[in-house]
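Understanding the architecture of this molecule
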Amino acid sequence: MDLEAIAEITRLKYRYVRALDTKSWAEFADTLMPDATATYAEHLRFDSRDGFVSFMQDTLGPHVITEHHCGHPEIDVHGDTATGIWYLSDTVVVPGDQLMMHGAAFYQDRYAKDAAGRWKIAHTEYERTYESVYSLADLPSFRLTSNRWALIGSPQSGSKIAP
């Protein structure tokens, strides 16, 4: 068992979700091979890193708050390639639409070493075990008391964030 490779791949996946949640798109892209593919649900398929990153950037911009947790990794290393299964729990808050989603899924990833010998994601996909959606209007006690992107969404910029 290659424990060093498993540790590197674990850090890679953690960096992937951190970059996603902090909207650090260049760092997010750096977790992926240039020809990486991704599949989410039946109708979301991406054949390149650029297409995938562009979709995430457009869909999960500063108007959306996300929280992704990955754990319970099952990683198998085969030389310069590897596979991994991860348990995902995620929350998405869209203040402007008064919407919150919570769900769980299992990621199935493939990894490869790049030319510099660094582990990258070659393919990622997940299958939902469940997803629930709530209207924030139905939760009268809900208050967004902190938001990293509040300045981006301030009234001066023309977009509003829920109080």
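Please read all numbers here as calculations on a predicted model, not as lab measurements. (Residues numbered from 1 in each chain as written. Predicted model: local features only at pLDDT ≥ 70, side-chain atom pairs only at ≥ 80, totals over all residues. Heavy atoms only, no water.)

**Topic: the sheet that holds strand 1 (residues 32–40)**
Read from one edge of the open sheet, six strands run 2-1-6-5-4-3, paired in mixed fashion. If you trace the sheet from one side to the other, it starts and ends with strand 2 (44–46) and strand 3 (65–78), each paired once. Neighbour-to-neighbour, the strand axes of the sheet open up by a mean angle of 15 degrees, direction not taken into account. Bridge analysis of strand 5 (residues 99–113) against strand 6 (residues 119–135) gives 15 bridges, and the strand direction is antiparallel. When the sheet's bridge partners are listed, Gln 108 is paired in strand 6 with Glu 125. (Pairing = 2+ DSSP bridges. Helix = DSSP H or I, 4+ residues; strand = E, 2+ residues; numbered from the N terminus. Axes fitted to C-alpha atoms, helices over the stretch in contact; angles between N-to-C directions.)

**What to know about the packing of aromatic side chains**
Aromatic ring pairs: the centre-centre distance and the angle between the two ring planes describe each pair. If you walk through the whole model with that rule in mind, you get 12 aromatic pairs. Plain terms: the ring middles of Tyr 16 and Phe 28 are 4.9 Å apart, the flat faces sit at 35 degrees to each other, and that makes the pair tilted. Of the two residues, Tyr 16 sits in helix 1 (residues 3–22) while Phe 28 sits in helix 2 (residues 25–30), which places them 12 residues apart along the sequence. For the residue pair Tyr 16 and Phe 28, the accessibility class agrees, reading buried in each case. Ring plane angle 50 degrees and centroid distance 5.4 Å describe the contact between Phe 46 and Phe 52, whose orientation is recorded as tilted. (Phe/Tyr/Trp six-rings, centres within 6.5 Å; stacked < 30°, edge-to-face > 60°. Buried < 20%, exposed > 50% of the residue type's maximum accessible area, 1.4 Å probe, protein only.)

**Side note on the UniProt feature "domain: SnoaL-like" (unreviewed entry) in the chain**
According to UniProt, the positions carrying the feature "domain: SnoaL-like" (unreviewed entry) are residues 2–124. The span residues 2–124 carries 30% helix and 50% strand; its end-to-end C-alpha distance comes to 21 Å. (UniProt positions renumbered as here; feature names shortened; annotations may be inferred.)

**Digging into the confidence of the model for the chain**
Do not read the fine detail of predicted coordinates wherever pLDDT is low. Here the chain averages 91 in pLDDT, and 92% of its residues register 70 or above. Here residues 153–163 is a poorly scored stretch, pLDDT under 50, and it has 15 contacts once near neighbours within four places are set aside; other chains count. (pLDDT = per-residue confidence, 0-100. Contact = heavy atoms within 4.5 Å.)

**Details of the layout of surface pockets**
Over the atoms rolls a probe the size of a water molecule, and in doing so it shows where empty space is left. In this structure, the largest pocket occupies an estimated 630 Å³ of space. Together, 25 residues line the largest pocket, and Tyr 40, Leu 44, Tyr 126, Arg 128 and Glu 131 are the ones closest to its centre. Contributions of two or more residues to the lining of the largest pocket are made by strand 1, helix 3 (49–59), strand 4 (81–94), strand 5 and strand 6. Of the residues forming the lining of the largest pocket, the biggest block, six residues, is contributed by strand 6. Residues of the lining of the largest pocket, tallied by class, amount to 16 nonpolar, four polar and five charged. (1 Å grid on protein atoms, 1.4 Å probe; cavity = no way out; pocket = protein on both sides within 12 Å on 5 of 7 lines; lining within 4 Å. Points joined across faces, edges and corners; volume = space filled by probe spheres on them. Nonpolar A, V, L, I, M, F, W, Y, C, P; charged D, E, K, R; others polar.)

**Details of the pattern of salt bridges**
Tallying each qualifying case throughout the model produces nine salt bridges. In this structure, Arg 128 engages Asp 90 in a salt bridge whose closest nitrogen and oxygen atoms are separated by 2.8 Å. Taken together, the positions of Arg 128 in strand 6 and Asp 90 in strand 4 put the pair 38 residues apart, joining distant regions of the chain. Overall, the relative accessible area of 23% leaves Arg 128 in the partly exposed class. The buried category is assigned to Asp 90, whose relative accessible area is 3%. (Salt bridge = Lys/Arg side-chain N within 4 Å of Asp/Glu carboxyl O.)

**Thoughts on helix 3**
Listed as buried for helix 3 are Phe 52, Val 53 and Met 56. End-on view of helix 3: buried residues confined to an arc of 95 degrees, all on one side of the axis. Of the exposed residues in helix 3, those oriented more than 90 degrees away from the buried face are Asp 50 and Asp 58. The inward-facing, buried residues of helix 3 contact helix 1, helix 2, strand 1, strand 2 and strand 6. (Arc of directions from axis to C-beta.)

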